[in-house]
Amino acid sequence: LNAERAIDFDPQNADLYGQLGHIRFQARNYEGAIAVLHCAVEGCTAEENEWEVAVEGLELTDASVVYYYVYTSATSSLGEYDTALPVVDQIEAVFADNSLVMAITADNRGTCALLAERDN
């Protein structure tokens, strides 16, 4: 609730969407997490956003990478490969020397592969 209230006060702040998405992901509300993480990572239009404002996505940095890989964790878990894999590629290009981030993206890539195999 506090994260949602923070967005009420500053509805164009992409970092707040990332924080809310992380909270929802930890609560296993993956669908709800994806919606706000999409705004944090890729940006969103007013029509895509429950706060009805456009949000510019965050640049991929040390401070925002958590939102990026949580976004790919949620989207890959729900079989949204077309959404997850391009973001995984982007993370891997920027954080290739970070073994922890690479382990997370490898898991997300593996989840996509397993679910895609199951679906075929």
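Residues numbered from 1 in each chain as written. Predicted model: local features only at pLDDT ≥ 70, side-chain atom pairs only at ≥ 80, totals over all residues. Heavy atoms only, no water.

1. Side note on the state of the cysteines
As enumerated under the stated definition, the model contains 1 disulfide in all. Covalently, Cys39 is tied to Cys44 through a disulfide, its sulfur atoms 2.1 Å apart. The sign of the 105 degrees torsion about the S-S bond sets the Cys39-Cys44 disulfide as right-handed. Here Cys39 and Cys44 have matching classes, each one buried. (Disulfide = S-S within 2.5 Å. Buried < 20%, exposed > 50% of the residue type's maximum accessible area, 1.4 Å probe, protein only.)

2. Observations concerning the environment of Gly110
Residue placement: Gly110 occurs in helix α6 (residues 99-119). Separated by 66 residues in the primary sequence, Gly110 and Cys44 have C-alpha atoms spaced 27 Å apart. (Helix = DSSP H or I, 4+ residues; strand = E, 2+ residues; numbered from the N terminus.)

3. Regarding the packing of aromatic side chains
Throughout the structure, instances matching the rule amount to 2 aromatic pairs. A centroid spacing of 5.6 Å and a plane angle of 85 degrees characterise the contact between Tyr17 and Trp51, whose relative ring orientation is edge-to-face. Here Tyr17 is found in helix α2 (residues 14-26), whereas its partner Trp51 is found in the loop between α3 (30-41) and α4 (65-77), with 34 residues between them in sequence. Judged by relative accessible area, which is 0%, Tyr17 ranks as buried. Residues Phe25 and Tyr30 carry aromatic rings whose centres are separated by 5.1 Å and whose planes lie at 50 degrees to one another, so their mutual orientation is tilted. Relative accessible area serves as the criterion here: at 21%, Phe25 is assigned to the partly exposed category. (Phe/Tyr/Trp six-rings, centres within 6.5 Å; stacked < 30°, edge-to-face > 60°.)

4. Comments concerning the nonpolar core
Formed by 18 residues in total, the largest nonpolar core has its most connected members in Val65, Tyr69, Ile91, Phe95 and Val101. Mapped onto this core, the elements with two or more residues apiece are α3, α4, α5 (81-94) and α6. In terms of residue count, α4 provides more of this core than any other element does, 7 residues in total. Excluding anything up to four places from it in sequence, Ile91 contacts Leu60, Val65, Tyr68, Tyr69, Thr72, Val101, Met102 and Thr105. (Core = buried A, V, L, I, M, F, W, Y, C linked by side-chain atoms within 4.5 Å. Contact = heavy atoms within 4.5 Å.)

These values are about where atoms sit, not about what they do.
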